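Chains, contacts and geometry: an overview
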Amino acid sequence: MAAPGKVAAFRLPPLPTVGEIIKLFRLKAQKQLSQNFLLDLRLTDKIVRQAGNLKNAHVCEVGPGPGGITRSILSAGVEELLLIEKDARFIPGLQMLSEAAPGKVRIVHGDILTYKMEKAFPKHLKKNWEDEPPNIHIIGNLPFSVSTPLIIKWLANVSKKDGPFTYGRTQMTLTFQKEVAERLIANPGGKQRCRLSVMSQHLCTVENCFVIPGEAFVPKPEVDVAVVHLTPLVQPKIEQPFELVEKVVRSVFQFRRKYCFRGIETLFPESGRLKRTEQLMMTANVDPTLRPFQLSMSQFRNLCNTYKKMCDEDPSLFVYNHREELRQKKKTKKGSLKSTNQPKQTDEENQL
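Thresholds applied
Residues numbered from 1 in each chain as written. Predicted model: local features only at pLDDT ≥ 70, side-chain atom pairs only at ≥ 80, totals over all residues. Heavy atoms only, no water. Helix = DSSP H or I, 4+ residues; strand = E, 2+ residues; numbered from the N terminus. Buried < 20%, exposed > 50% of the residue type's maximum accessible area, 1.4 Å probe, protein only. Contact = heavy atoms within 4.5 Å. Areas by Shrake-Rupley, 256 points an atom, 1.4 Å probe, with all protein chains shown as cover. Polar contact = N/O pair within 3.5 Å; in protein donor to acceptor, adjacent residues only side chain to side chain. Phe/Tyr/Trp six-rings, centres within 6.5 Å; stacked < 30°, edge-to-face > 60°. Lys NZ or Arg CZ within 6 Å of the ring centre and 35° of its normal. UniProt positions renumbered as here; feature names shortened; annotations may be inferred. Axes fitted to C-alpha atoms, helices over the stretch in contact; angles between N-to-C directions. Left-handed = near helix turned anticlockwise from the far one by under 90°. Nonpolar A, V, L, I, M, F, W, Y, C, P; charged D, E, K, R; others polar. Patch = residues over 30% accessible without salt bridge, like charges linked within 9 Å, V, L, I, M, F, W, Y side chains within 5 Å. Salt bridge = Lys/Arg side-chain N within 4 Å of Asp/Glu carboxyl O. Lys, Arg positive; Asp, Glu negative; His and termini not counted. Charge placed at Lys NZ, Arg CZ, Asp CG, Glu CD.

A word on the overall build of the protein chain. When helices and strands are tallied, the protein chain shows 14 helices and nine strands. When the 352 residues of the protein chain are sorted by exposure, 45% land in the buried category. If you take every contact in the protein chain between residues at least 6 apart in sequence, the share linking residues at least 24 apart comes to 69%. Accessible surface for the protein chain amounts to roughly 19,000 Å². Of this, 51% is attributable to carbon and sulfur atoms.

This is the structure in structure tokens:
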């Protein structure tokens, strides 16, 4: 019996183990969906602890699978848990957990990449962006195939303050391949510094919490897995639209091992490319002989701010696509080769 004035902690009733659930419903990890099950509840508890205090919190778990992390989230005393699962095979096992925690679990059979998260939680949980983060958390052991596109999508949502960030600076605790996690936290000059490093760090505080060895998963992946905690920043480090920042950063890292001006050149059409590249680099005060991974966040900020001014002066710049220009040139070249290779017709053939 709970002590007077104290609410008893929520405990799940006795249930089959995660391993038994897998056997009971004949669940098998599908390689094409890059599924790996985490059965050790000590590790799932450790992941959930990285999210912070979840007492009375509203949590969305992405891809719960057989429900290992789900049990740890429920045991943390959450108010409500939203489960978004794409694979229908896992739904019966998750329903068993839902029945064990009446009124606490909502199951959605759907794809997190298309699910409208701006309506996922009650409106009263909304906080101003400048306030402390809302009592809402996203947690997930993400399949490797979806982790990078999903984090890019959520970073775009952070920038626009929509999707799950309609409610404020919603925190995320997610698993990634160890290599991807190293990219997320890589500092300027580091071997792993890339587009993902700049895009995530200019919008969020990124913490690499701990590494889970591959052998903890079933089936064992070829790589280790890292748990990463992300909290959106009150003020982004580059105050420009997401698409513009993404375009500049992607162009810079296009030729990772070459001087950064080589990638920056691809922001401009062939006509006047050299002059505009020089103008951008001089105004942004960036040394053109630096490698992309050596650029600091303030240098990226200067490049984005200068490029934005150039786009304001010439709106056709922003819609310019270097790859499309190369495709068109290739097409034209093919067409001209085709016409020169055709045999010339005689006067007699022309008359006919």
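Another aspect to go through is the environment of Arg-256. With respect to the secondary-structure elements, Arg-256 resides in the loop between helix H8 (242-252) and helix H9 (260-264). Note: C-alpha distance between Arg-256 and Phe-293 (37 residues apart in sequence) is 7.1 Å. Not counting residues within four places of it along the chain, the set of residues in contact with Arg-256 comprises Gly-190, Lys-191, Gln-192, Arg-193, Cys-194, Arg-291, Pro-292 and Phe-293. Within polar-contact distance, the side chain of Arg-256 engages the backbone oxygen of Lys-191 at 2.3 Å. For Arg-256, the side chain forms a polar contact with the main-chain oxygen of Arg-193, separated by 2.3 Å.

On to the packing of aromatic side chains, then. Counted by the stated rule, this structure contains five aromatic pairs. Centre to centre, the rings of Phe-253 and Phe-300 are 5.9 Å apart; their planes meet at 15 degrees, and the pair counts as stacked. Residue Phe-253 is located in the loop between H8 and H9, and its partner Phe-300 is located in helix H11 (residues 297-313); the two are separated by 47 residues in the primary sequence. A single burial state applies to Phe-253 and to Phe-300, both of which are buried. Cation over ring: Lys-46 sits above Phe-210, and NZ or CZ is 4.3 Å from the ring centre. Sitting above the plane of the Phe-90 ring, Arg-89 keeps its charged end 5.1 Å from the centroid.

Before going further, it helps to examine the UniProt feature "binding site: S-adenosyl-L-methionine" (unreviewed entry) in the protein chain. When the UniProt feature table is mapped onto this chain, "binding site: S-adenosyl-L-methionine" (unreviewed entry) is found at Asn-36, Leu-38, Gly-63, Glu-85, Asp-111 and Asn-141. Turning to its location among the elements, Asn-36 is positioned in the loop between helix H1 (18-24) and strand E1 (37-38). In this view, Asn-36 contacts Asn-141, Phe-144, Phe-217, Val-218, Pro-219, Lys-220 and Pro-221; residues no more than four positions away in its chain are not counted. In this structure Asn-141 comes out as buried when scored by relative accessible area, which is 16%. Those residues in contact with Asn-141, other than ones at most four positions away along the chain, are Asn-36, Val-62, Gly-63, Ile-69, Thr-175 and Phe-217. At a separation of 2.9 Å, a polar atom in the side chain of Asn-141 contacts the side chain of Thr-175.

Take the packing of H8 against H11 next. Between H8 and H11, the shortest axis-to-axis distance is 10 Å and the interhelical angle comes to 120 degrees. As H8 packs across H11, the resulting crossing turns out to be right-handed. Residue-level contacts link Leu-244, Val-245, Lys-247, Val-248, Val-249 and Val-252 of H8 to Phe-300, Leu-303, Cys-304, Tyr-307 and Lys-308 of H11. Partitioning the contact of H8 with H11 into residue classes produces nine nonpolar, no polar and two charged.

A separate point is unusual backbone geometry. Following Val-218, the chain continues to Pro-219 via a peptide bond in cis, the omega torsion being -10 degrees. Among the secondary structure elements, Pro-219 is positioned in the loop between strand E8 (217-218) and strand E9 (225-232). If you check the backbone angles, Asn-285 has positive phi at about 60 degrees while not being a glycine. With respect to the helices and strands, the residue Asn-285 is situated in the loop between helix H10 (273-284) and H11.

This part is about a positive patch on the surface. Taken together, the side chains of Lys-116, Lys-119, Lys-123 and Lys-126 define a basic patch exposed on the protein surface. Note that Lys-116 resides in the loop between strand E4 (105-109) and strand E5 (136-140).

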